[in-house]
Amino acid sequence: MRQKNVKMAMCAVTAILAFSSMDIRANAATDISSVLPSAGVDYTLQANATSLKNIKEEADTEKGLDKQAAEKHGTEVQPDREPQGSVSGNESEAEGGSGAESTDVLNKADPADLAEAGMEEKVIEETKEVDTSNLSEKILKDVAKKLDRKDEEESFKSLVIAKVNDYVNVRSIPSEEGEIIGKLYDKSVGSFISETEDGWYEIKSGSVTGYVKGEYCVTGDDAVELAKQVGTRIATVTTTTLKVREQPGLDTTVLGMVPIEDQLVVTEELDDWVKVNIEEGDGYVSMDYVTLSTEFVQAESKAEEEARLAKEEADRKAAQAAARRAAERSNSSNGGSGAQVMYASGNGSEMGRAVANYALQFVGNPYVYGGTSLTNGADCSGFVMSVYANFGVSLPHSSAADRSVGAAVNGLANAQPGDLVCYSGHVALYIGNGQIVHASTSKTGIIVSSASYRTPLSVRRIF
């Protein structure tokens, strides 16, 4: 018992001396983005210092040796008790014990433990979880945004982007002898699958999965910056009604409003706001109410190309026939008032022209946000939806969703009357001759405009 008290007293003295003279360094990250979701603090005890962990291990080792010695001599080891006397009394009791017994215990100590005790430096590393309750919501959101942006940029490395004058063929096998199954047009994008030894990339783009020659594309680190240039940055609205403001800030003038799930083209990204394009002009929306993504043009399969070309040829023939009929009617007519304005051209399908002419009768009626009435007021998608409802076609009340209806048309140059022309946060009906009819703003109502007054995101054909 005395021997054990001596050892505990020696441990206590060692601990006091060690912690009174040790040099402690705390290394912590200063950038919040580098410490979430957990923060690490490293403590280093300098040479010739002793850690609490090692003191406890040495005490436990000696206790075990005491037990072994007692069992060998046939005595019962008593459990530890709180000391009854003072420290000086315990020291006196220890001094009265057998020195031979103490020497015997030390001789039985494990040499490995003694070697460990002689290490010149012992290091304690502790990792603490961050208490995020003390961090501001703004800091957490900023970190999340940075991480999301970093993750997206990292994903760009797995893209394959065509960098050619026109297009690169997508083939069934990694060889120029392979069948052409699609085309990856310049600045179009596919997802990297694998690379062959002779420089072919296996990709998936749209409905096409095949091989392209690596020399005509970029991927990996080279694709990151190019992806930012060729991709369209989109902000998707996540709240019921989002106010678009003239300047970044909650106290600035409201320029317009856009509904939930609407998609807006982003032209600039600030810390807490993004600059977007809507019908009323360029404005700013808070990043708290949108999610950001990047859209890319994808490959066109051989079957999709053939179907598109066939439809374009049929539409051209129909347009030529309609133009001849219109000319014949004009020649046989006795004439009329020169003040009459004809908006819809004779191009396109008969049903498409009917849609365009039907829509034109509502020019001058009011714009109402969220409305669907062609007479009392409608917003842009409500106007298009209600016009097509007259022809038995159900369209969504969303300009973003309208970008996925019908069939894709290759740009305004191939648009025909009745086609939907989709812009950032807006949709209109093409009426021919480079014009559209649309429910524009609360100031202008339903009007006719040039189709190229803004850059379209897509053109869709219903009929």
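Before any of the text, the structure's been laid out above.
What you see is a predicted model, and the numbers here were worked out from it, not measured in a lab.

It is not clear to me how the overall build of the chain should be interpreted in this structure. Could you clarify?
When its secondary structure is counted, the chain shows 10 helices and 26 strands. Pairs at least 24 apart in sequence give 61% of the contacts found in the chain among residues at least 6 apart. Just so you have it, the chain exposes about 26,500 Å², and 49% of that area is on carbon and sulfur atoms.

Got a minute to help me understand the sheet that holds strand S22 (residues 420-423) in this structure?
The sheet built from 6 strands is open, its strands ordered S21-S26-S22-S23-S24-S25 with antiparallel pairing. At either end of the open sheet lies a strand with only one pairing partner, and these are strand S21 (407-409) and strand S25 (445-450). Strand-to-strand twist of the sheet, defined as the mean angle between neighbouring strand axes without regard to direction, takes the value 35°. Both S22 and strand S26 (residues 458-461) contribute to a ladder of 3 bridges, which runs antiparallel. Counterpart to Cys 422 in the pairing with S26 is Ser 458.

Just checking my understanding: could you explain the environment of Glu 154 for this structure?
Within the fold, Glu 154 resides in helix H6 (residues 137-156). For Glu 154, a relative accessible area of 46% translates into the label partly exposed. Separated by 70 residues in sequence, Glu 154 and Val 224 have C-alpha atoms that sit 7.7 Å apart.

I would appreciate a short explanation of the environment of Val 218 in the present structure.
For Val 218, the location among the structural elements is in strand S10 (residues 217-218). The class for Val 218 is buried, based on a relative accessible area of 15%. As a C-alpha pair, Val 218 and Val 160 span 58 residues in sequence and 5.7 Å in three-dimensional space. Aside from chain neighbours lying at most four places away, what touches Val 218 is Leu 159, Val 160, Ile 161, Lys 163, Ala 223 and Leu 226.

Sorry, what's going on with the nonpolar core here?
Nonpolar side chains in soluble globular proteins tend to be buried together. With 25 residues, the main nonpolar core has Phe 383, Val 384, Val 387, Tyr 388, Leu 420, Leu 429 and Val 437 as its most contacted residues. Only helix H9 (350-360), helix H10 (380-389), S22, strand S23 (426-432) and strand S24 (435-441) provide two or more residues apiece to this core. Core analysis: the next-biggest nonpolar cluster, separate from the first, contains 13 residues, Leu 242, Leu 264, Val 274 and Met 287 among them.

Explain the pattern of salt bridges here, please?
Between side chains of opposite charge, a pair can form when the charged atoms approach closely. All told, the structure shown has 13 salt bridges when counted by the stated rule. We note a salt bridge from Glu 153 to Lys 228, for which the minimum N-O separation is 3.1 Å. Separated by 75 residues along the polypeptide, Glu 153 in helix H6 and Lys 228 in helix H7 (residues 221-230) bring together distant segments of the chain. Its relative accessible area of 24% is what places Glu 153 among the partly exposed residues. Overall, the relative accessible area of 34% leaves Lys 228 in the partly exposed class.

Before we go on, may I ask you to explain unusual backbone geometry in this structure?
Note on backbone geometry: most residues besides glycine have negative phi, and most peptide bonds are trans. Positive phi is not limited to glycine here, since Glu 261 has a value of about 70°. In this structure, Glu 261 sits in the loop between strand S13 (254-259) and strand S14 (263-269). Despite not being glycine, Asn 433 shows a phi value in the positive range, around 55°. Position of Asn 433 relative to the elements: it lies in the loop between S23 and S24.

Reading the values: rules and limits
Residues numbered from 1 in each chain as written. Predicted model: local features only at pLDDT ≥ 70, side-chain atom pairs only at ≥ 80, totals over all residues. Heavy atoms only, no water. Helix = DSSP H or I, 4+ residues; strand = E, 2+ residues; numbered from the N terminus. Contact = heavy atoms within 4.5 Å. Areas by Shrake-Rupley, 256 points an atom, 1.4 Å probe, with all protein chains shown as cover. Pairing = 2+ DSSP bridges. Axes fitted to C-alpha atoms, helices over the stretch in contact; angles between N-to-C directions. Buried < 20%, exposed > 50% of the residue type's maximum accessible area, 1.4 Å probe, protein only. Core = buried A, V, L, I, M, F, W, Y, C linked by side-chain atoms within 4.5 Å. Salt bridge = Lys/Arg side-chain N within 4 Å of Asp/Glu carboxyl O.

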